[in-house]
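So the chains spell out like this:
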Amino acid sequence: MREQIEQLEHEVDSLKEQMASTPKHLHWDDFPEEAKFERLAPSRKRLTDTVKLVAYRAETAMSDLLREELRREDDSRSLLRDLFRSDADIIPDGGGHVLQIRLHTLANPRSNRAVQHLLDHLNATETTYPGNEFRLHYSLGDPENGVTEHSG
């Protein structure tokens, strides 16, 4: 057993030496061709960065609206994350040209009040769905019986 332990310790020492001699940073030109990935073209990167910036600003604006109804300002971003992950029903009304987005109620009344405040502001914009004449209308409701808490 002692001989085996010594052999394993020797292997560990040689691996440590090998790790120490491995460079910490590699230059792009040092990579083999099959390991290189294709970089984004500058125009694509600019477009991607622009989309990310617009999304972040929209999220910040929604967060600011939620803060108006929350006691702790830090809760607005986490509430938005929960809202983005939550389920919703999409109900088209062809006759009224309305696309009803019914979000399912959240875990507590405080969150529901803050989200309803946000939805009221979104409804006030009277935004139409891109590519058609359907106006988006948001509500917060119970998915079991279709009852909405408040329609603004």
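Look above for the structure.
Bear in mind that the values here come from a model prediction, so they are computed numbers and not experimental data.

K.L.:
Please explain the overall build of the chain as it appears in this structure.
P.N.:
A tally of helices and strands in the chain yields four helices and four strands. In sequence order, the secondary structure elements of the chain are arranged as α-α-α-β-β-α-β-β. The C-alpha atoms of the chain give a radius of gyration of 27 Å, which is well past the 15 Å a tight globule of 152 residues would have. Buried residues in the chain amount to 22% of all 152 residues. Of the contacts formed within the chain by residues at least 6 apart in sequence, a portion of 47% connects residues at least 24 apart. Carbon together with sulfur atoms contributes 53% to the accessible area of the chain, which is approximately 11,900 Å² in total. Taking the average location of the 20 positive side-chain charges in the chain and that of its 29 negative ones, the two points are 5 Å from each other.

K.L.:
Help me understand helix 2 (residues 42-67), please; the structure alone is not making it clear to me.
P.N.:
An ideal rise of 1.5 Å per residue puts 38 Å on 26 residues; helix 2 measures up with 37 Å between its terminal C-alpha atoms. For helix 2, the complete set of buried residues consists of Met-62, Ser-63, Leu-65 and Leu-66. Contacts made by the buried residues of helix 2 are with helix 3 (75-85) and helix 4 (109-124).

K.L.:
Help me understand the pattern of salt bridges in this model?
P.N.:
Between side chains of opposite charge, pairing is possible as soon as their charged atoms come close. Under the defined criterion, the tally for this structure stands at six salt bridges. Asp-49 is paired through a salt bridge with Lys-45; the nearest N and O atoms lie 3.1 Å apart. Of this pair, Asp-49 and Lys-45 both sit in helix 2, separated by four residues, roughly a single helical turn. Ionic pairing is found between Arg-102 and Asp-89, a salt bridge with its closest N-O pair at 3.0 Å. Taken together, the residues Arg-102 in strand 2 (residues 98-104) and Asp-89 in strand 1 (residues 88-93) connect sequence positions 13 residues apart. For Asp-89, a relative accessible area of 21% gives the class partly exposed. Among the charged side chains, a network of salt bridges with common partners joins Arg-72, Asp-75 and Arg-110.

K.L.:
Looking at this model, I keep getting lost on the side chain of Asp-75. Mind explaining?
P.N.:
Mapping Asp-75 onto the fold places it in helix 3. For Asp-75, the residues in contact, after removing those within four places along its chain, are Leu-70 and Arg-110.

K.L.:
It is not clear to me how a negative patch on the surface should be interpreted in this structure. Could you clarify?
P.N.:
Taken together, the side chains of Glu-3, Glu-6, Glu-9, Asp-13 and Glu-17 present a region of like negative charge at the surface. Look at Glu-6 and you get partly exposed, because its relative accessible area is 48%.

K.L.:
What am I meant to see in the pairing of strand 3 (residues 135-141) here?
P.N.:
Side chains on a regular strand alternate between the two faces of the sheet. Extensive coverage of strand 3 is indicated by the burial of five of its seven residues. Here strand 2 runs beside strand 3; their pairing, made up of seven bridges, is parallel. What sits directly across from Leu-99, in strand 3, is Leu-136.

K.L.:
Please explain the nonpolar core as it appears in this structure.
P.N.:
Among the nonpolar cores identified, the biggest contains 18 residues, and Leu-66, Leu-79, Leu-80, Leu-83, Leu-103, Val-115 and Leu-118 are the most heavily contacted of them. Mapped onto this core, the elements with two or more residues apiece are helix 2, helix 3, strand 2, helix 4 and strand 3. Once residues within four sequence positions are removed from consideration, Leu-83 is found in contact with Leu-103, Val-115 and Leu-118.

The rules behind these values
Residues numbered from 1 in each chain as written. Predicted model: local features only at pLDDT ≥ 70, side-chain atom pairs only at ≥ 80, totals over all residues. Heavy atoms only, no water. Helix = DSSP H or I, 4+ residues; strand = E, 2+ residues; numbered from the N terminus. Rg over C-alpha atoms; globule rule 2.2 N^0.38 Å. Buried < 20%, exposed > 50% of the residue type's maximum accessible area, 1.4 Å probe, protein only. Contact = heavy atoms within 4.5 Å. Areas by Shrake-Rupley, 256 points an atom, 1.4 Å probe, with all protein chains shown as cover. Lys, Arg positive; Asp, Glu negative; His and termini not counted. Charge placed at Lys NZ, Arg CZ, Asp CG, Glu CD. Expected span 1.5 Å × (residues − 1). Salt bridge = Lys/Arg side-chain N within 4 Å of Asp/Glu carboxyl O. Patch = residues over 30% accessible without salt bridge, like charges linked within 9 Å, V, L, I, M, F, W, Y side chains within 5 Å. Pairing = 2+ DSSP bridges. Core = buried A, V, L, I, M, F, W, Y, C linked by side-chain atoms within 4.5 Å.

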